[in-house]
Amino acid sequence: MRLFLILVALGLLLPPPSGAATKSLTLVYPQEKNAFHEAAAAIVRAAYGKLGVQVTYKTYPAERALRSSNQGRADGELVRIKGIDKKYTNLIRIPVSHVQAEQMAFGKSGGVKINGWESLKPYKIVFHRGYKVAEQNTIGMTRFIVGTDRSAFLMVEKGRMDVAVANRFTGQKLIEELKLKKVVMLSPPVQVNPLFHYLHRKHESLVPKVTARLRAMKKNGKFEEIKKKFGIFPLQPSSR
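These lines cover the structure that appears in this document, whether it is placed above or below. The structure displayed is predicted, hence computed values, not measured ones. (Residues numbered from 1 in each chain as written. Predicted model: local features only at pLDDT ≥ 70, side-chain atom pairs only at ≥ 80, totals over all residues. Heavy atoms only, no water.)

Moving on, we come to empty space enclosed by the protein. For the structure on display, the rule yields 1 cavity of 30 Å³ or more. Taken as a whole, the largest cavity encloses approximately 270 Å³ of empty space. For the lining of the largest cavity, the secondary-structure elements that each account for two or more residues are α2 (35-49), β3 (76-81), β5 (99-107), α4 (132-137) and β8 (163-167). Ranked by residues supplied to the lining of the largest cavity, first place goes to β3 with 3 residues. (1 Å grid on protein atoms, 1.4 Å probe; cavity = no way out; pocket = protein on both sides within 12 Å on 5 of 7 lines; lining within 4 Å. Points joined across faces, edges and corners; volume = space filled by probe spheres on them. Helix = DSSP H or I, 4+ residues; strand = E, 2+ residues; numbered from the N terminus.)

This part is about the pairing of strand β7 (residues 143-146). In the sheet, strand β6 (residues 125-128) pairs with β7 via 4 bridges, with the strands oriented parallel. In the sheet register, Ile-125 faces β7, and the bridge partner there is Arg-143. At this point the chain moves from β6, through α4, to the parallel β7, and the crossover so formed is right-handed. (Pairing = 2+ DSSP bridges. Right-handed = clockwise from strand over helix to strand, strands pointing away.)

Let us now look at the side chain of Asn-193. Take Asn-193: it is sitting in strand β9 (residues 184-200). According to the relative accessible area criterion, Asn-193 is buried, its value standing at 10%. Within the structure, the side chain of Asn-193 is placed 3.0 Å from the side chain of Gln-103, a separation counted as a polar contact. (Buried < 20%, exposed > 50% of the residue type's maximum accessible area, 1.4 Å probe, protein only. Polar contact = N/O pair within 3.5 Å; in protein donor to acceptor, adjacent residues only side chain to side chain.)

Moving on: the nonpolar core. Formed by 48 residues in total, the largest nonpolar core has its most connected members in Tyr-48, Tyr-57, Leu-78, Leu-120, Val-165, Leu-199 and Leu-214. By residue number, the principal contributor to this core is α2, which donates 8 residues. Leu-214 has contacts with Ile-43, Ala-47, Ile-94, Val-96 and Phe-223, leaving out every residue within four places of it along the chain. Ranked by size, the runner-up nonpolar core spans 18 residues in total, among them Met-104, Ala-152, Leu-174 and Val-183. (Core = buried A, V, L, I, M, F, W, Y, C linked by side-chain atoms within 4.5 Å. Contact = heavy atoms within 4.5 Å.)

Turning our attention to the layout of surface pockets. Which parts of space are left empty comes out when a probe the size of a water molecule is rolled across the atoms. One number sums up the size of the largest pocket: a volume of about 230 Å³. As for the largest pocket, its lining consists of 15 residues, of which Gln-31, Glu-32, Lys-33, Asp-149 and Arg-150 are closest to the centre. Taken together, the elements giving at least two residues each to the lining of the largest pocket come down to α5 (149-157) and α6 (168-177). Ranked by the residues each element gives to the lining of the largest pocket, the list is headed by α6, at 4 residues. What the second largest pocket holds in volume is close to 180 Å³.

As judged from the 4 bridges shared by β3 and β9, these two strands associate in the antiparallel manner. Looking at the pairing, Ile-81 lines up with Leu-195 of β9. Direction of pairing for strand β4 (residues 91-93) relative to β9: antiparallel, over a ladder of 3 bridges. Note on β9: the bridge partner recorded for Leu-91 is His-200.

Here we come to the pattern of salt bridges. Taken as a whole, this structure holds 9 salt bridges when the rule is applied. Close ionic contact of Lys-222 with Glu-225 constitutes a salt bridge, the shortest N to O distance being 3.2 Å. You can see Lys-222 and its partner Glu-225 sitting in helix α8 (residues 222-229), 3 residues apart, about one turn around the helix. Judged by its relative accessible area of 38%, Glu-225 is partly exposed. (Salt bridge = Lys/Arg side-chain N within 4 Å of Asp/Glu carboxyl O.)

Okay, here's the thing in structure tokens:
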């Protein structure tokens, strides 16, 4: 009997098996919260809800968010471009894009003609730290990296920089909130990227399950239904 009790006690002290059910996740995303991120968060939360997993979110500066999820202090990323796992090797990409990001240039009306990243080369460019797609595509250009999108847009408004690069919804929100007079969104997009949810590899067993859920939601129209609730509509060609 004594041996039995000892074994039971030891068993209680052992960590749960790797296949144990996950009940909750904490996902992170950059601090520039807007309707775009809220729609993405609602889509991912709905997918996990069908699996009996509760999802909460935290926002950090973009680079810090990536370090946190890659180190396992958070459980994963809400939205990131494809390929981020080449550098942040503890992250696994869920292969279903639930939102897409339009990387837009913001500057003076008529001052910049947009035709991809190369068209920004003659200008002084500013964007927030950790904005990976901008970092990767402006190497060798005159660029300034700041802590927040807010700082970037104010620098353009004050004439210290020519162009700020940001997600469409982030930029539109900042122009409205800061009551900017000299900064407008320039069309067409510099680049359009499908975005993906990433999980830390400790949750690898969830990958096929959440992939299946997201695929089903995409097929039955749930993605678009949620986006419409948050006012996320395709960019119109006439927007400029």
